Amino acid sequence: MRGLHALRRHWVPVAMLTPSVILIGIFVYGFIAWSLRVSASEWRGLLPDYTWAGLDNFVNLLSDRRFQIDMRNTVVFTTFFVVGAVLVGLVLAILLDRHVPGESIFRSIFLFPLAISLIVTGVAWRWLMNPGSGERVSGLNLLFDNLGLDSLINAWHTTDPPWGSAFVALPAVWQMSGFTMALFLGGLRAIPEELKEAARVDGASEFQVYRHVIMPLLRPALLSALIILGHLSLKVFDLIVALSGKDIRLDVPAIYMWTTTFDANNFARGAAIGIFLLLSVALLVVPYLVWSLRRETEL
Amino acid sequence: MTAPLPPATIARDRIVTPVRRRPGRWTVGNTVKFVILTAFAAFFLLPVFLMLITGLKPFADVSLARMWELPSGIYLDNFQAALAALGPNLMNSIMLAVPAAIISSALGSMNGYILSKWKFRGSDIIFTAFLFGMFIPYQSILIPLVQFMQTINLVGGIPGLILVHVVYGIPITTLIFRNYYATLPNEVVESGRIDGAGFFGIYRHIALPLSIPGFAVVLIWQFTNVWNEFLFAIVLTRPATWPVTVALNNLAGSQIVEWNVQMAGALLAALPTLIVYIVLGRFFLRGLMAGALKG
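Rules and cut-offs
- All residue numbers here refer to positions counted from 1 along the written sequence of the relevant chain.
- A letter from A marks each chain and a number from 1 marks each ligand, given out in the order of writing.
- Predicted model: local features are reported for residues with pLDDT of at least 70 only, side-chain atom pairs are reported and counted for 80 or more only, and whole-chain, interface and lining totals are derived from all residues.
- Numbering goes from the N terminus for both helices and strands, where a helix is a DSSP run of H or I of at least four residues and a strand is a run of E of at least two.
- To sort residues by burial, count the other C-beta atoms lying within 10 Å of each one's C-beta; a count of 20 or more means buried, 12 or fewer means exposed, and anything in between means partly exposed. C-beta atoms are built from the backbone.
- Our contact criterion uses C-beta atoms placed from the backbone: two residues qualify when those atoms are within 7 Å.
- Residues were grouped as follows: Ala, Val, Leu, Ile, Met, Phe, Trp, Tyr, Cys and Pro as nonpolar; Asp, Glu, Lys and Arg as charged; and all remaining residues, including Gly, as polar.
- Here, a nonpolar core denotes buried Ala, Val, Leu, Ile, Met, Phe, Trp, Tyr and Cys residues that are linked to one another through C-beta atoms within 7 Å.
- Each domain's extent is set by a domain assignment, obtained either automatically or from a database.
- Angles run from 0 to 180 degrees between N-to-C directions of axes, and those axes are lines fitted to C-alpha atoms, restricted for helices to the stretch in contact.
- Crossing chirality is assigned from the near helix's rotation relative to the far helix, an anticlockwise turn below a right angle marking it left-handed and a clockwise turn marking it right-handed.
- Note on scores: pLDDT gives the predictor's confidence for each residue, bounded by 0 and 100.

Considering the overall build of chain B
Piece 1. Counting its secondary structure elements, chain B contains 12 helices and 0 strands.
Piece 2. Ordered by position from N to C terminus, the α and β elements of chain B give α-α-α-α-α-α-α-α-α-α-α-α.
Piece 3. Principal-axis analysis of the C-alpha atoms gives chain B an extent of 75 × 65 × 30 Å.
Piece 4. The buried share of chain B, reckoned over its 295 residues, is 47%.
Piece 5. Across chain B, the fraction of contacts at a sequence separation of at least 24, relative to all contacts at a separation of at least 6, is 80%.

Shown next, in the form of structure tokens:
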């Protein structure tokens, strides 16, 4: 009887949820499975060829010179981007936390880049970081020249690999620091005033309050920031395309996947890179998903 | 019945509006902070400033060497040239982003309502499975996606791209609405049930009227995301149906189009989402924080 009752109560919501379940089932899980199949095939041409190739495509990737460069670029980009965005976001949040004049205007300024496309960011920074010299000097190099800061003039993202990728992190930090700022500001504002007051009463200096009371309480926000930024940097694609075309010196797996699949018709290798990206993101995100949902049920 | 403000919304609003709103005072410490913040603000505004001064110069005054000089007046040459190049694509982006945002929010609202107020065995697992879809690198599904869209004849036009954005928007829109409806007390739903309302009745007369802010958040979030998206658009559209991001990238890669027109074009492409952000930034921020999975 209870089963029947539950069935009657639940069939409408289940039916209403079904279209979304089917769509996600096909477009996410079905397609991932199909990509896996393609990554284990010999499909290298306009016509599909599903001859079983096992892990060959993955093994080949590991010894692929271009893929190795991509990995190195990803590590450099990720390091500079994640550290940069976390530091800038944290500094901004701490500066804004305690009622600075103009707080809301500053906050809006730091957050607006999040509303614009990475393509727009790439195009604007392409001219800001223009490496041209002599007659063609422009952008930040020209600004440094005018301000007498010649020592700061550099080749930006056209610097020899892998450090060119470190400069790609600059526009990425510009775009995403507002996000980390908002995360940390949310964390700071959630700390009860009494807690800080208690530490001060106990004789802690303002620095000690930050070091021993506030920072430990910001750890969940820091973890969120690391996961979100980390997975974004594994996926970076639009920004580099808009900033440099498909400059091989700034190549990353996401761009390699694109060119090898759609320009060179090597679908098998493209799928293998896609699956590789998926696995790296999953390593980062799945534990985080589990952690977030468990935290939610505890609250 | 008056709607109590959901507590989670209040907590999230703290980022936007501090609980105790004291006006900032000009102490020494605050002055130092203000100076540092101003320097950061200059850095954040620099690209927009450059796009704006470049866009407003007459063609005759445009040169790389005088990039940082202010325009001598307000000229629209560059914007006109950019509009001539990107106009149809801006239109495409509108035809894409508006329907996608509307369909996404309708779907997300229904899913969120079910997954918060009509939980059934396994519904939390379904929700988690949805969420994972939000994080996947789209390169990992790109080949099957193109094959599938070709099979159902939806490659090349805007409707296919709308479908794809709606589907991959399900995770985030469901998440935002689920969190939103979770803040409505269960008693509200119970009382509706006692009054004889069913699944749809409670949705229409109780949940829906209370979820206008939820709709604002999701509409704005999806509009911004779809407008700014690039990867799906390059695989699924052709030049005539390119949204503005693809057309702008193409413009930037061309040797013929001058940098000043590119800068003006970039500003045009950014303008719609920037305006939405300036007018409705509060809702945008909520969508942004939802993506971090914790309000």
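Some words on unusual backbone geometry
For residues besides glycine, phi is generally negative; the peptide bonds are generally trans as well.
Piece 1. In this structure, Asn265 of chain A is a non-glycine residue whose phi angle is positive, near 55°.
Piece 2. Following the sequence through the fold, Asn265 of chain A ends up in the loop between α12 (253-263) and α13 (267-298).

Regarding the interface of chain B and chain A
Piece 1. Taken together, the contact pairs 74 residues of chain B with 82 residues of chain A.
Piece 2. Take the side of chain B that touches chain A: its biggest share by element is 14 residues, from helix α12 (residues 259-290) of chain B.
Piece 3. Partitioning the side of chain B that touches chain A into residue classes produces 55 nonpolar, 15 polar and 4 charged.

Considering helix α5 (residues 142-151) of chain B
Piece 1. All of the buried residues along α5 of chain B are Leu142, Ile143, Pro144 and Leu145 of chain B.
Piece 2. Where α5 of chain B terminates, the next one or two residues include Asn153 of chain B, which has phi positive at roughly 60°.

Thoughts on the nonpolar core
Piece 1. Formed by 172 residues in total, the largest nonpolar core has its most connected members in Ala124 and Ile240 of chain A together with Leu248 and Ala266 of chain B.
Piece 2. At 15 residues, α12 of chain B tops the list of elements feeding residues into this core.
Piece 3. Of the residues that make up this core, three or more belong to each of domain 1 (18-75) and domain 2 (77-290) of chain B.
Piece 4. For Ala266 of chain B, the contacting residues outside a window of four places in its chain are Val120, Val123 and Ala124 of chain A together with Met51 and Leu248 of chain B.

Points about the packing of helix α4 (residues 103-111) of chain A against helix α2 (residues 28-55) of chain B
Piece 1. Contact geometry of α4 of chain A with α2 of chain B gives a least axis separation of 9 Å together with a crossing angle of 35°. Handedness of the α4 of chain A/α2 of chain B crossing: left-handed. Of the residues in α2 of chain B, those in contact with Phe106, Ile109 and Phe110 of chain A of α4 of chain A are Leu37, Ala41, Phe44 and Leu45 of chain B.
Piece 2. Of the residues contributing to the contact of α4 of chain A with α2 of chain B, the split by class is 7 nonpolar, no polar and no charged.

Some thoughts on the domain arrangement of chain B
Residues and elements named next belong to chain B.
Piece 1. Examined at the domain level, chain B breaks down into domain 1 (18-75) and domain 2 (77-290).
Piece 2. One C-alpha centre belongs to domain 1, the other to domain 2, and the line joining them spans 31 Å.
Piece 3. On the side of domain 2, 8 residues touch domain 1, which itself brings 10 residues to the contact.
Piece 4. Classifying every residue of the side of domain 1 that touches domain 2 gives 7 nonpolar, 2 polar and 1 charged.

Regarding the confidence of the model for chain B
All names here are of chain B.
Piece 1. Of all residues in chain B, 91% attain a pLDDT of 70 or more, and the chain-wide mean is 87.
Piece 2. Across residues 1-19, confidence stays below pLDDT 50; counting only partners more than four residues off in sequence or on other chains, it has 24 contacts.
Piece 3. Taken together, the chains of this predicted complex give a pTM of 0.90 and an interface ipTM of 0.91.

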